[in-house]
Amino acid sequence: MWVEPGFWGNGNTLTGATNWARIIVHELTHNYCQTEDHSYSWQGLLPRESDVFRRVINARTALDPEFQAVRTLTMAQCQTNADSWAFFCADAAGALTDSDRIAALGSKLYADTGWTPAQRIEHKLGA
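Below you will find a few notes about this structure. Note that the structure is a prediction, hence the values are computed from the model and not measured. (Residues numbered from 1 in each chain as written. Predicted model: local features only at pLDDT ≥ 70, side-chain atom pairs only at ≥ 80, totals over all residues. Heavy atoms only, no water.)

1. Focus on a nonpolar patch on the surface
And then number 1: Residues M1, I24, L28 and Y32 make up a contiguous nonpolar surface patch of roughly 440 Å² in combined accessible area.
And then number 2: For L28, the location among the structural elements is in helix α1 (residues 16–33).
And then number 3: The exposure class assigned to L28 is partly exposed, which follows from its relative accessible area of 37%. (Patch = residues over 30% accessible without salt bridge, like charges linked within 9 Å, V, L, I, M, F, W, Y side chains within 5 Å. Areas by Shrake-Rupley, 256 points an atom, 1.4 Å probe, with all protein chains shown as cover. Salt bridge = Lys/Arg side-chain N within 4 Å of Asp/Glu carboxyl O. Helix = DSSP H or I, 4+ residues; strand = E, 2+ residues; numbered from the N terminus. Buried < 20%, exposed > 50% of the residue type's maximum accessible area, 1.4 Å probe, protein only.)

Structural data, given as structure tokens:
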């Protein structure tokens, strides 16, 4: 298994031992489950079958061509995405905070609303 320099850094969505475990699970799913890298947590892991998210992303990109769009994943891509499985395992083990979950789902898409990350996600999801 190849360990990236980010394994030791603080540039990922998670840090420390939780991130190390996430990276190991991510890499193991490539080997044993033939997963792919459709999207990483810093790009967003939320399934986006709805046009609502595509419209938000397209509007943000139109306003700011430099905007690094959050990935739009189909349900099929989520099922074969290595980071989706790694975050699922971390969450199932109780290793994620609410902030970790929201960051992995793509909170940067909602960063300009002035709301807390939880409020941003709840608002966009219609909760």
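Back to the text.
2. So, unusual backbone geometry
And then number 1: Positive phi values are uncommon outside glycine, yet Q34 reaches one of about 55°.
And then number 2: Take Q34: it is sitting in the loop between α1 and α2 (51–63).
And then number 3: Judged by relative accessible area, Q34 falls into the exposed class, the value being 56%.

3. Focus on the environment of E27
And then number 1: Among the secondary structure elements, E27 is positioned in helix α1.
And then number 2: Judged by its relative accessible area of 26%, E27 falls in the partly exposed class.
And then number 3: When the C-alpha positions of E27 and M1 are compared, they lie 6.9 Å apart, and in sequence the two are 26 residues distant.

4. Focus on the pattern of salt bridges
And then number 1: If you walk through the whole model with that rule in mind, you get 3 salt bridges.
And then number 2: Between D83 and R22 there is a salt bridge, with the nearest N and O atoms lying 2.7 Å from each other. Highlighted residues: D83 in helix α4 (residues 82–92) and R22 in helix α1, separated in sequence by 61 residues. Here D83 and R22 have matching classes, each one buried.
And then number 3: In this structure, D98 and R101 form a salt bridge, with 2.7 Å as the shortest nitrogen-oxygen distance. A residue pair is termed a helical-turn pair when its members lie 3 or 4 positions apart in one helix, as D98 and R101 do in helix α5 (residues 98–105) at 3 residues.
And then number 4: Taking relative accessible area as the criterion, R101 reaches 29% and is therefore assigned partly exposed.
And then number 5: Residues joined by salt bridges that share partners form a network here, namely D91, D98 and R101.

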